[in-house]
Amino acid sequence: MVGLATYAVMRVSSRLAHTRARAVYDLFEAVDYVAERLPDALSAKLSYDDVEAVLLWRLDYLRLRGSATYGRADVTAAAAESRDEQVVTSDDDSVDYVLAKATASGRDIDALDVVVVLDLESQYLREIGALGPPADETGNQDGTV
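Rules and cut-offs
Within every chain, residues take consecutive numbers counted from 1 along the sequence as written. Under the rules for a predicted model, residues below a pLDDT of 70 receive no local features and side-chain atom pairs below 80 are neither given nor counted, while totals for whole chains, interfaces and linings still include all residues. Side-chain descriptors were evaluated using all non-hydrogen atoms of the structure, hydrogens and water having been removed beforehand. For every element, the axis is a line fit to its C-alpha atoms; helices are fit only across the contacting stretch, and the angle between N-to-C directions ranges from 0 to 180 degrees. Strands here mean DSSP runs of E at least two residues long; helices mean DSSP runs of H or I at least four residues long; both are numbered from the N terminus. For classification purposes, an angle smaller than 35 degrees is called roughly parallel, one larger than 145 roughly antiparallel, one from 65 to 115 roughly perpendicular, and anything else oblique. Handedness of a helix crossing follows the sense of rotation of the near helix relative to the far helix, less than a right angle counterclockwise being left-handed and clockwise being right-handed. Should any heavy atoms of two residues lie within 4.5 Å, those residues are counted as being in contact. The nonpolar class holds Ala, Val, Leu, Ile, Met, Phe, Trp, Tyr, Cys and Pro. Asp, Glu, Lys and Arg form the charged class, and all remaining residues, Gly among them, are polar. Here, a salt bridge means any side-chain nitrogen of Lys or Arg that lies within 4 Å of a carboxyl oxygen of Asp or Glu. For every residue, the accessible area obtained with a 1.4 Å probe (protein chains only) is divided by the maximum for its type, and the residue is called buried under 20%, exposed over 50%, and partly exposed between those limits.

A. Region of the structure containing the packing of helix 4 (residues 48-65) against helix 7 (residues 111-128). The interhelical angle for the contact between helix 4 and helix 7, taken along N-to-C directions, is 70°, at an axis separation of 10 Å. Taken together, the axes of helix 4 and helix 7 lie roughly perpendicular to each other. As for how helix 4 packs across helix 7, the hand of that crossing is right-handed. In this structure, helix 4 uses Val-51, Val-54, Leu-55 and Arg-58 to contact helix 7, whose residues at the interface are Val-117, Leu-118, Glu-121, Ser-122 and Leu-125. Residues belonging to the contact of helix 4 with helix 7 are distributed by class as follows: six nonpolar, one polar and two charged.

Next comes the structure, spelled out in structure tokens:
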């Protein structure tokens, strides 16, 4: 009986050791993290609602690219994960996407505002383990061609 239990624990431990950990993004925590670190001039301009909107638009962009999910509901991310692919996104493209959404919403948010908010969000993502290493120009994350 003890041997069977030991085998079961070792098997599960081995499987978990080879399973990629998933970072969980908490929007409210991210908004607080970013808002608390905004430069004074920007914190006077952007409300918490503005910061939340920028972060939601960024999440929407990442979800559309397949690098963020709402669980298993996103087909793009699920397909990439099933093929064990790494999804690489461009900071420039995400800034453009967020800026277009901000402009369409009529909010007074410019490109510099978006860059600062997304840079702070990237710091938050690194802290929770949601960002991998930077990719090179070819999209490789390990530097190989």
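B. Examining the environment of Ser-94 more closely. Assignment of secondary structure puts Ser-94 in helix 6 (residues 91-105). A sequence separation of 21 residues divides Ser-94 from Val-115, and the C-alpha atoms of the two residues are 9.6 Å apart. In this structure Ser-94 touches Arg-58, Tyr-61 and Leu-118, once residues within four positions along its chain are discounted.

C. Seen up close, the pattern of salt bridges. Scanning all chains against the criterion turns up six salt bridges. A salt bridge links Lys-45 to Asp-113, with the shortest nitrogen-to-oxygen separation between them at 2.5 Å. With Lys-45 in helix 3 (residues 40-45) and Asp-113 in helix 7, this residue pair connects regions lying 68 residues apart in the sequence. Looking at Lys-45, the relative accessible area reads 32%, which means it is partly exposed. Across the pair Glu-121 and Arg-58 runs a salt bridge whose closest N-O atoms are separated by 3.6 Å. Of this pair, Glu-121 sits in helix 7 while Arg-58 sits in helix 4, and the two are 63 residues apart along the sequence. This pair shows no difference in class: Glu-121 is buried, exactly as Arg-58 is. Salt bridges sharing partners connect three or more residues here, namely Lys-45, Asp-110 and Asp-113.

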